[in-house]
Amino acid sequence: MARKMLVDGEAPVADGGQYDYDLFVIGAGSGGVRGSRTAASFGAKVAICELPFHPISSDWQGGHGGTCVIRGCVPKKILVYGASFRGEFEDSKNFGWEINGDINFNWKTLLEHKTKEIVRLNGVYQRIITNAGVTMIEGAGSLVDAHTVEVSQPNGSKQRYTAKHILIATGSRAQRVNIPGKELAITSDEALSLEELPKRAVILGGGYIAVEFASIWRGMGAEVDLFYRKELPLRGFDDEMRAVVAGNLEGRGIKLHPGTNLTELSKTADGIKVVTDKGEELIADVVLFATGRKPNSERLNLQAAGVEVDQIGAIKVDDYSRTSAPSVWAVGDVTNRINLTPVALMEATCFSKTVFGGQQVKPDYRDVPCAVFSIPPLSVVGLSEQQAREEAKGDILVFTSSFNPMKNSISKRQEKTVMKLVVDAETDRVLGASMCGPDAAEIMQGIAVALKCGATKATFDSTVGIHPSAAEEFVTMRTVTRRVGPVSKPKTSL
Amino acid sequence: MAAHATLPFSCSSTLQTLSRTLSPRGALQLRRGFLRLPSHAALPRHPRPCCRRHVSASAAASPNGASADGKYDYDLFTIGAGSGGVRASRFASTLHGARVAICEMPFATIASDEHGGLGGTCVLRGCVPKKLLVYGSKYSHEFEESRGFGWTYETEPKHDWSTLIANKNTELQRLVGIYKNILNNAEVTLIEGRGKIVDPHTVSVNGKLYTAKNILIGVGGRPSMPDIPGIELAIDSDAALDLPSKPEKIAIVGGGYIALEFAGIFNGLKSEVHVFIRQKKVLRGFDEEVRDFVADQMALRGITFHSEQSPQAVTKSNDGLLSLKTNKETIGGFSHVMFATGRRPNTKNLGLEDVGVQMDKNGAIVVDEYSRTSVESIWAVGDVTNRVNLTPVALMEGGAFVRTAFGNEPTKPDYRAIPSAVFSQPPIGQVGLTEEQAVEEYGDVDVFIANFRPLKATLSGLPDRVLMKIIVCATTNKVVGAHMCGDDAPEIIQGIAIAVKAGLTKQDFDATIGIHPTSAEEFVTMRNATRKIRKKSTDQVHNAILKRNFTWHTGWHTWKIYFLRIICFELDLSLLRVFYMFY
């Protein structure tokens, strides 16, 4: 802030001639763009390198905007929107709408519009960078030493740049499991840009990506079989909510195969033959591996600068995102902390403030809200019931509400909305909130503001409801569902 | 502000100005025009909880309180089983063991002197049926949106009004049943019929007299229409929710939320909709920018607005179609003319005048902060008191009344930061002060605005946009208002309302991580103020200092001060702080 400038009188400007740049950023995704832009706003001379644009990432392809814009949040949400219409058509009947004749879904139209939007956003990101006065360089960046980055082109040409600080924000990439026939499967990158919409889809994985694609393809009319190792999908989320999501997926026609792995894929005339570890066999048009993501750290030549990585290849950083090399920093998915766009943004802003803004700021990982865009979506903030019990010293009060949303009273859709608040019995502080139902992600954002600031259950209760809405349930949960004591050991059966 | 401590002595007059203008004066203020709380002079009485806690529900023979053994049939008799009445009756009985009876008129979709129904306006003629019709009518927009997402239709979707209305009415019947069960389970005696107050402790229903220690009036309000020629040809919102057929072309008179909601409903169902408003803009009392925005968005969806037009007459032509004559023009060809021109408390023929229950000029029952009327044993909650006419507020008032009267815990309903929604298409959600109210209240206000095309619209190609506003008191940094118009606004504002109610600051919002990609995340990512309004303090402070200094110095000094002022403004610094450093 301006006040600081007056007090310390320091204005960070390009370091006098020793380096080409004050900051060189590798990777123009959410974290990299935010980091370069904010650093430039503090007066730093900044360059950023990124691979040429392509919807499917590889060693030579990426694009400004990164995973979020090109291969993640944005295209995924667009497909979720597209897929959600099927449920709307079904629901509209009892509201008096008559659709005689066929409703058709044209995947190519959606794909075309999606690509157009992503190309537009890619351009927006490039403009943001340029307008911030950041130098854009196309190519693959890697480290030469702790102050030098080499940017190479597919044709072999190379260019070196020196910088006082280097920020690595190369993100991550979808990973495949190692089973026979794995090359027949696709990852989420390809799934967002398939030529043809599958009629029969098999998905391996129980995380949010698996669940979201299951909803997307089902909504577009495919038969979907979802395989995962645990009893319930979405490990790490509140167990009760996981069960709700599983129920909803089934209710919308997705076949769940809990506790099941895929062992082999092979090509047949009819499609891909999938064999499970339970001996089942089925034929699919598409097999999606949604089995985790791996940090993009391999081709960065990190050891040249002494930057350490952990066993999965994530760059190790301290609380301020500094790596083991003092002039090299890293933010976002490549550090595998909390892999969410808004978290990468926070990390990058804190980095700029720390390095160029003269304020030591750590990212704050408490109460980070997030959403799973299944249909209907799940959104959570704070602790799950299990986490709360593990961390608690005293009792935990659990408030739950499971209700038929008003729209379903007419549409007759059999799908409950479930909400949950986890409250510290002693302090009355709301420790966690979860919701599964329409608009959950939109509803949870405001709840997250309240939670972040330590709102008590009494504050929730004193807030007047907005009637009639689903969200008003969060301020009208008067009766405690159960009171539970702390536990030392987490349950592992799920 | 730290400026206080660093002020030079000679600036004491400025300090006073500063303290006056910057000291946080109270918290959120009530929405102007919404509240007509009685003055304390008119109702000087303090609440005296009249009953002690009485938990045993089975002890039916002994009424609540020490002095009233067997004197009354009931501890509480409630007239009107709408939101407020049911809530209060249920809580009085289940939480405090009071013996409670409630009376309500037989069910009909359209309210009259003889008809009402369990659930009241909210369930039968308001929130619920309205929202169901909003859901039903919204599909046409969704069909349009879906095209951009690759969906095509062999034939255009058609809407059948009678299916919607029949399913809506089935749902209402179900809800009436639920309300009946709620009351039964709470052991509240339900009496069907019109209640009338005979004396401060007696209610008559169908000629039968019931005595009660306390009487609660929760009879709500009803649409009111102006007395103009041909008004009998027009319909009100009760009728509009239950029409036998869908209007082909409808005139809606009124610019309030009911008018806009019905405009959206009928427009969505492909009626031709004309809205006539007396003012320049719709939704008086809402944030000015929101008022403009919602009207623009509705117009883009095909609604025609006729502003600054007062209705003068409704006429029927030979072909059976209706015309509306206003001060400016006459438009014909309407199948329906609807008036959404306000609501009136249902206080006629209740016997209020005879027992001395005071009413205001609109017929609203005057109550004190605890919902007690001018008669000690008679209380009133909800729309009949015309405070903030919303279901959740009636619930709050009902709950507070029970605590006061039966829980030995005098409780005032808290009217600060009440969120509300307009289910127009697109809908509005809001909590706290409008920009205009905040400027009036605090003087120094920072306004953060996001006006964007949501992700869904970029794909659908429709001109839908979203407007969000955060109003921040610049001195305390507290968020004093939040407004949104766009998809899911009511759902989004609910959580924001908790934060506003908790008195959170803009920094608290900024510290919250966004949920990506949502619309709601904009509320936590508005980094730069769109405008900083420094109505009083800055100008006053600057001017005061400048004036003082102009008299002290001349020439170069004057320019130096002027220059400093500009720097301070640019850098957002406290002028006083800089002054202190320089002098």
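Residues numbered from 1 in each chain as written. Chains lettered and ligands numbered in written order. Predicted model: local features only at pLDDT ≥ 70, side-chain atom pairs only at ≥ 80, totals over all residues. Heavy atoms only, no water.

Looking at an unreviewed UniProt entry, one finds chain B named Glutathione reductase and attributed to Digitaria exilis. Per its UniProt entry, chain B bears the Function (unreviewed entry) comment "Catalyzes the reduction of glutathione disulfide (GSSG) to reduced glutathione (GSH)." Of the comments in the UniProt record for chain B, the one headed Catalytic activity (unreviewed entry) reads "2 glutathione + NADP(+) = glutathione disulfide + NADPH + H(+)". (UniProt positions renumbered as here; feature names shortened; annotations may be inferred.)

Chain A appears in an unreviewed UniProt entry as Glutathione reductase from Digitaria exilis. Database annotation for chain A, UniProt heading Sequence similarities (unreviewed entry): "Belongs to the class-I pyridine nucleotide-disulfide oxidoreductase family." Under the heading Subunit (unreviewed entry), UniProt records this for chain A: "Homodimer."

Caption draft 1: Structural context of the overall build of chain B. Looking only at helices and strands, chain B features 18 helices and 24 strands. A burial count over chain B gives 59% of its 583 residues as buried. Restricting to contacts in chain B with at least 6 residues of sequence separation, those with at least 24 account for 64%. If you sum the accessible surface of chain B, you get close to 23500 Å²; carbon and sulfur atoms cover 52% of it. (Helix = DSSP H or I, 4+ residues; strand = E, 2+ residues; numbered from the N terminus. Buried < 20%, exposed > 50% of the residue type's maximum accessible area, 1.4 Å probe, protein only. Contact = heavy atoms within 4.5 Å. Areas by Shrake-Rupley, 256 points an atom, 1.4 Å probe, with all protein chains shown as cover.)

Caption draft 2: Looking closely at the domain arrangement of chain B. Residue and element names in this part refer to chain B. When its domains are assigned, chain B resolves into domain 1 (74-223 + 345-407), domain 2 (231-341) and domain 3 (419-533). Placing the centre of domain 1 and that of domain 2 at their C-alpha centroids yields a distance of 26 Å. Approximately 1700 Å² of surface area, both sides summed, lies buried where domain 1 meets domain 2, with 61% of it carried by carbon and sulfur atoms. Summed over the three residues of domain 1 that lose the most area to domain 2, namely K130, W161 and P223, the buried surface amounts to 35% of that side. Summed over the shared surface of domain 1 and domain 2, the number is three salt bridges. For E144, the salt bridge is made with K270, and the minimal N-O distance between the two is 3.9 Å. One can count nine residue pairs in polar contact (both at pLDDT 80 or more) joining domain 1 with domain 2. When residues of the side of domain 1 that touches domain 2 are assigned to their parent elements, the largest contribution, nine residues, is made by helix α5 (residues 127-148). (Domains from an automatic or database assignment. Buried area = accessible area lost by both parts, 1.4 Å probe. Salt bridge = Lys/Arg side-chain N within 4 Å of Asp/Glu carboxyl O. Polar contact = N/O pair within 3.5 Å; in protein donor to acceptor, adjacent residues only side chain to side chain.)

Caption draft 3: Up close: the UniProt feature "binding site: NAD(+)" (unreviewed entry) in chain A. All names here are of chain A. The UniProt record annotates "binding site: NAD(+)" (unreviewed entry) at G205, G206, G207, Y208, I209, A210, V211, E212 and G292. A maximum C-alpha distance of 13.7 Å is found for the annotated residues, which run over 88 residues; spatially they form one tight group. By the element assignment, E212 lies in helix α7 (residues 208-219). According to the relative accessible area criterion, E212 is buried, its value standing at 2%. With sequence-adjacent residues up to four places away left out, E212 is seen in contact with K76, A371, V372, F373 and S374. Those residues in contact with G292, other than ones at most four positions away along the chain, are A174 and Q175.

Caption draft 4: Expanded view of the environment of S310 of chain B. The residue S310 of chain B is located in the loop between β12 (304-306) and β13 (311-316) in this model. With residues up to four places along the chain from it excluded, the contact list for S310 of chain B reads R278, K325, T326 and N327 of chain B.

Caption draft 5: Inspection of the sheet that holds strand β19 (residues 370-372) of chain A at higher detail. All names here are of chain A. One open sheet accounts for six strands, arranged β19-β20-β23-β22-β21-β24; its pairing is antiparallel. Pairing within the sheet leaves two strands with one partner each, and these edge strands are β19 and β24 (482-484). Neighbour to neighbour, the strand axes of the sheet diverge by 15 degrees on average, direction disregarded. (Pairing = 2+ DSSP bridges. Axes fitted to C-alpha atoms, helices over the stretch in contact; angles between N-to-C directions.)

Caption draft 6: The pattern of salt bridges, seen in detail. Residue and element names in this part refer to chain A. Taken as a whole and judged by the stated rule, the model has 56 salt bridges over all chains. E150 is the salt-bridge partner of R160, the closest N and O atoms lying 3.0 Å from each other. Here the residue R160 occupies a position in strand β8 (residues 158-168), and E150 occupies one in strand β7 (residues 148-152), the gap between them amounting to 10 residues. When its relative accessible area of 13% is taken as the criterion, E150 is described as buried.

Caption draft 7: Quick look at the UniProt feature "domain: FAD/NAD(P)-binding" (unreviewed entry) in chain A. The feature "domain: FAD/NAD(P)-binding" (unreviewed entry), as given by UniProt, occupies residues 21-348 of chain A in the numbering adopted here. Between the end C-alpha atoms of residues 21-348 of chain A the distance is 18 Å, and the span holds 30% helix and 26% strand.

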